[in-house]
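# Analysis of the macromolecular model
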Amino acid sequence: MQNIFVVDHPVIQTKLTELRDFTADHRKFRNLLDEIAMLMTYEITRDFPTKPRPVRTPMEQTVGVVLARPVTLVPILRAGLGMTDGVLRVLPEARLGHLGVRRNEETLEPIAYYQKLPPDIASTEVLLIDPMLATGGSGSAAVEFLKRAGATNIKFVCLVAAPEGIAAVHAAHPDVPIFCAAVDRQLNEKGYILPGLGDAGDRIFGT
Ligand code: PRP
Ligand code: URA
């Protein structure tokens, strides 16, 4: 599969295994997700363009580099919030948009219920974040919304992706790379990822 990047660092994989464990309570789950999101951010941002910036060290004048474009994080509510602080620790100057999308539990169709994005999103690097990519309905709808708002440089960052969801997002948005920590086996008949980690939102928020 093209345009899918699995961040398979051993430290991330160790934390993902602990997070999958059904005995992890919401406090442990939140901590692990936060740490993984922070660690994944280094890989995800590896190809961000930079520009030169003069800097005076205590010794002399030189030229360093800084990120060329601002970054916008866009968590898909609710579960994307569980990765937001981890990403922000690496990119503290990022602005934050929000997209509320939830699945209809019967039809698995996405229902969009909230949108708030920075007005200049078109000139920024956009990281769309949601731990779960299952059927791909929510992710595809969110990317569609970002594109209509003018975003062009979009990366979709998730934790666990199902092959069905990757195929759906690629079919709708072949230009958007997907970053994840694992590609799991399949979806079950209710649209849950196997082996997966259960309902991410419920595990993060203890609902
Ligand atoms: C989960 C998850 C994704 C979506 C993935 O959210 O956080 O947004 O399901 O499924 P899909 O790829 O089949 O669309 P959910 O709809 O459970 O909402 P929640 O975060 O509010 O619990
Ligand atoms: N959403 C989740 O939170 N978990 C899944 O396995 C699928 C969709």
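Look up a bit, the structure's there.
Starting afresh in each chain, residues are numbered from 1 along the sequence in its written order. Ligands are numbered from 1 and chains lettered from A, in the order in which they are written. Owing to the predicted nature of the model, reporting of local features is limited to residues with pLDDT of at least 70; listing and counting of side-chain atom pairs is limited to 80 or more, with chain, interface and lining totals taken over all residues. Side-chain numbers here rest on the full set of heavy atoms in the structure, without hydrogens or water.

## Quick notes on the environment of Leu99
The helix and strand labels rest on DSSP assignments: H or I over at least four residues marks a helix, E over at least two residues marks a strand, and numbering proceeds from the N terminus. By the secondary structure assignment, Leu99 is in strand β6 (residues 98–103). Note on classification: 1.4 Å probe, protein chains only; a residue is buried when its accessible area is under 20% of the maximum for its type, exposed when over 50%, partly exposed between these limits. We classify Leu99 as buried; its relative accessible area is 2%. Taking the C-alpha atoms as reference points, Leu99 and Phe145, 46 residues apart in sequence, are found 8.6 Å from one another. The contact criterion used throughout is that any non-hydrogen atoms of two residues lie within 4.5 Å. Residues in contact with Leu99, not counting those within four places in the same chain, are Val74, Pro75, Ile76, Leu77, Tyr114, Gln115, Leu117, Leu128, Ala142, Phe145 and Leu146.

## Considerations on the site of ligand 1
By convention in this text, a residue qualifies as near a molecule or strand provided that one of its non-hydrogen atoms is within 4 Å of it. As a structural note, the neighbourhood of ligand 1 is formed by 13 residues, with Arg103, Asp130, Thr135, Gly136 and Ser138 the closest of them. The backbone of Arg103 places a nitrogen or oxygen atom 2.8 Å from an oxygen atom of ligand 1. Under this definition, polar contacts are N or O atom pairs within 3.5 Å; protein pairs additionally need one hydrogen-donor-capable and one acceptor-capable atom, and for neighbouring residues in sequence, both atoms have to be side-chain atoms. A distance of 2.9 Å separates an oxygen atom of ligand 1 from a polar atom in the backbone of Ala134.

## Some thoughts on the site of ligand 2
Around ligand 2, the structure places Arg103, Met132, Ala134, Gly191, Tyr192, Ile193, Gly198, Asp199 and Ala200. Ile193 is positioned such that a nitrogen or oxygen atom in its backbone is 2.8 Å from an oxygen atom of ligand 2. One of the backbone N or O atoms of Gly198 is found 2.8 Å from a nitrogen atom in ligand 2. Bound to the protein, ligand 2 loses 89% of the 240 Å² it would expose on its own. Under the convention adopted here, Pro, Cys and the residues Ala, Val, Leu, Ile, Met, Phe, Trp and Tyr are nonpolar, Asp, Glu, Lys and Arg are charged, and Gly plus all remaining residues are polar. Classifying every residue of the shell around ligand 2 by side-chain character gives five nonpolar, two polar and two charged. Computed with the Shrake-Rupley method and a 1.4 Å probe, the accessible areas treat only the protein chains shown as cover for residues.

## Describing the pairing of strand β7 (residues 110–116)
Alignment of β6 against β7, held across six bridges, turns out to be antiparallel. In the strand pairing of β7, Arg103 is matched with Pro110. Counted between consecutive antiparallel strands, the loop separating β6 from β7 contains six residues, among which Leu108 sits at a positive phi close to 65°. Any two strands are treated as partners once DSSP identifies two or more bridges connecting them.

## Examining the pairing of strand β3 (residues 61–67)
Alignment of strand β2 (residues 50–56) against β3, held across seven bridges, turns out to be antiparallel. Considered in β3, the bridge of Thr50 is made with Leu67.

Geometric descriptors of this kind do not, in isolation, establish any biological role.
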